[in-house]
2 protein chains.
Amino acid sequence: MSNLELAVLGQDDPALCCSPMVREPLGEDAAAELARMFKALADPVRLRLLSLIASHEGGEACVCDLTGPFDVSQPTISHHLKVLRDTGLVGSERRGTWVYYWVLPTALAKLSSLLRTPDAAEPAAAGGSE
Amino acid sequence: MSNLELAVLGQDDPALCCSPMVREPLGEDAAAELARMFKALADPVRLRLLSLIASHEGGEACVCDLTGPFDVSQPTISHHLKVLRDTGLVGSERRGTWVYYWVLPTALAKLSSLLRTPDAAEPAAAGGSE
DNA sequence: TGTCTGTATCGACGAACGTCGATACAGACA
DNA sequence: TGTCTGTATCGACGTTCGTCGATACAGACA
């Protein structure tokens, strides 16, 4: 078990970035910005691209490694990578012939802490169910 | 307590539950399922609805509390609530005249742990613009 | 019973999205 | 230089999405 990571995470400081959205109502601007980021995650190809890049050796992957596993065309992959990059979820760099992409972990961490629920175990004050 | 809603979730697939997506590539099925959930979050109105419900007194809110803060029509609010409910993010129940909604924390927690990054210490470095 | 209020559904419309083939651009190399 | 490979952009197409007004449904109450 990797309690180490949990301990390292330790984002107990809501003031730093993102207080969980279940604690206080989101403002319009924050909601718009967050919706943009979630929209970037709201596609199966982009989700798989993201996890492929992140789990790739060295934490980065060449586009040439990313076109194979998918049934979509190369322009489509390029389009999805652009969406991820424009949203700040990944970074990219050209090195000679190839272009490499890597995940920007802070963006994911921000969303993760925002979705965090204080009491994920129980339905809390759900009161009743059907 | 009766965790009917939680049972409905019924996703004991570990790839969907706890392993961060940055550790191993997502499968096609897991990606499709997750994309559906992120799509439900990919709208400013739904995000604000969710946080309004969760942060409301008692952890639940009547629809009558949810139509006021928005500039969209009542059918639109109802539509968004339906999306959230169909995705398993909220539960709902009619009590007499009013219908109450509450957040199902396990769904959010699942997404949160999925976005967790092992090496992202503080989200503040992300350019924390908002 | 009839009526009123709160919520959901229906049907339609414009905008945004995912995808493609064609093509342009960038770097490597002969 | 010219050519080849890897990646990005363009323009177009069909689908999905968010929104609305109109309307149907459910419960409360006179």
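In this text, all values refer to a predicted model and were calculated from it rather than measured experimentally.

(A) Layout of the pairing of strand 3 (residues 98–103) of chain B. Residue and element names in this part refer to chain B. Pairing geometry for strand 1 (residues 60–62) and strand 3, over 3 bridges, is antiparallel. The residue bridging C62 from the neighbouring strand is Y100, located in strand 3. The sheet contact formed by strand 2 (residues 90–95) and strand 3 spans 6 bridges and is antiparallel. Residue pairing for strand 3: V90 is matched across the bridge by V103. Linkage of strand 2 to strand 3, two consecutive antiparallel strands, is achieved through a turn of 2 residues, within which G96 is found at a positive phi near 70°.

(B) Expanded view of the protein's contact with DNA strand D. Every one of the 24 residues lining DNA strand D counts as a neighbour, but Q74(A), Y101(A), R46(B), S73(B) and H80(B) are closest to it. For DNA strand D, the backbone portion of the atoms within 4 Å of the protein, that is sugar and phosphate, comes to 75%. At 2.8 Å, a side-chain N or O of T76(B) approaches a phosphate oxygen of DNA strand D. Between DNA strand D and H80(B), the relevant distance is 2.4 Å, taken from a phosphate oxygen to a side-chain nitrogen or oxygen of the residue. Within the residue set of the surface near DNA strand D, elements represented by two or more residues are helix 4 (63–66), helix 5 (74–86) and strand 3 (98–103) of chain A together with helix 6 (74–86) of chain B. Residue composition of the surface near DNA strand D, by class: 9 nonpolar, 9 polar and 6 charged.

(C) Fine view of the sheet that holds strand 2 (residues 90–95) of chain A. Residues and elements named next belong to chain A. Overall, antiparallel pairing links the 3 strands, which are arranged 1-3-2 in an open sheet. Of all the strands in the sheet, just strand 1 (60–62) and strand 2 have a single pairing partner and so form its edges. Going from strand to strand, the sheet's axes swing by 25° on average, the running direction of each strand aside. Those strands touched by helix 3 (residues 44–55) are strand 1, strand 2 and strand 3, and its axis lies near 95° from that of strand 3. Relative to strand 2, helix 5 is tilted by about 120°, and along the sheet it contacts strand 2 and strand 3.

(D) Structural detail: the pattern of salt bridges. Residue and element names in this part refer to chain A. This model, assessed by the stated rule, comprises 8 salt bridges over all chains. Measuring nitrogen to oxygen at the nearest pair gives 2.7 Å for the salt bridge that ties E33 to R36. Here R36 and E33 lie together in helix 2 (residues 28–41), a separation of 3 residues that amounts to about one turn. Among the salt bridges present, the one from E93 reaches R95, with a minimum N-O distance of 3.0 Å. If you follow the salt bridges from partner to partner, you end up with E60, E93 and R95 in one network.

(E) How the structure looks around helix 2 of chain A. Counted at 1.5 Å a residue, the expected span for helix 2 of chain A with its 14 residues is 20 Å, and the 20 Å between its end C-alpha atoms agrees. Within helix 2 of chain A, burial applies to A31(A), E33(A), L34(A), A35(A), M37(A), F38(A), A40(A) and L41(A). Summarising the contacts, the buried residues of helix 2 of chain A are in contact with helix 3, helix 5 and helix 6 (105–115) of chain A together with helix 3 (28–41), helix 4 (44–55) and helix 7 (105–115) of chain B.

(F) Focus on the sheet that holds strand 2 of chain B. Residues and elements named next belong to chain B. Taking strand neighbours across the sheet as the criterion, the 3 strands line up as 1-3-2 in an open arrangement whose pairing is antiparallel. Bordering the open sheet on either side are strand 1 and strand 2, each of which pairs with just one other strand. Put simply, the sheet's adjacent strands are angled 25° from each other on average, direction ignored. In the packing of helix 4 onto the sheet, contacts are made with strand 1, strand 2 and strand 3, and the angle to strand 3 comes to roughly 95°.

(G) Summary view of the protein's contact with DNA strand C. If you check the shell around DNA strand C, you find 24 residues, and the closest are R46(A), S73(A), T76(A), H80(A) and Y101(B). The sugar-phosphate portion of DNA strand C accounts for 73% of its atoms within 4 Å of the protein, the bases making up the rest. A distance of 2.9 Å is found between a phosphate oxygen of DNA strand C and a side-chain nitrogen or oxygen belonging to S78(B).

(H) Spatial organisation of the confidence of the model for chain A. Residues and elements named next belong to chain A. Mean pLDDT over chain A: 81, with 77% of residues reaching 70 or higher. The spread of mean pLDDT over the elements of chain A runs between helix 1 (residues 3–9), the lowest at 36, and helix 5, the highest at 98. Here residues 1–16 is a poorly scored stretch, pLDDT under 50, and it has 17 contacts once near neighbours within four places are set aside; other chains count. Here residues 120–130 is modelled with pLDDT under 50, and outside its nearest four sequence neighbours on either side it reaches 26 contacts, counting other chains as well.

Calculation rules
Residues numbered from 1 in each chain as written. Chains lettered and ligands numbered in written order. Predicted model: local features only at pLDDT ≥ 70, side-chain atom pairs only at ≥ 80, totals over all residues. Heavy atoms only, no water. Pairing = 2+ DSSP bridges. Helix = DSSP H or I, 4+ residues; strand = E, 2+ residues; numbered from the N terminus. Near = heavy atom within 4 Å. Polar contact = N/O pair within 3.5 Å; in protein donor to acceptor, adjacent residues only side chain to side chain. Nonpolar A, V, L, I, M, F, W, Y, C, P; charged D, E, K, R; others polar. Axes fitted to C-alpha atoms, helices over the stretch in contact; angles between N-to-C directions. Contact = heavy atoms within 4.5 Å. Salt bridge = Lys/Arg side-chain N within 4 Å of Asp/Glu carboxyl O. Expected span 1.5 Å × (residues − 1). Buried < 20%, exposed > 50% of the residue type's maximum accessible area, 1.4 Å probe, protein only. pLDDT = per-residue confidence, 0-100.

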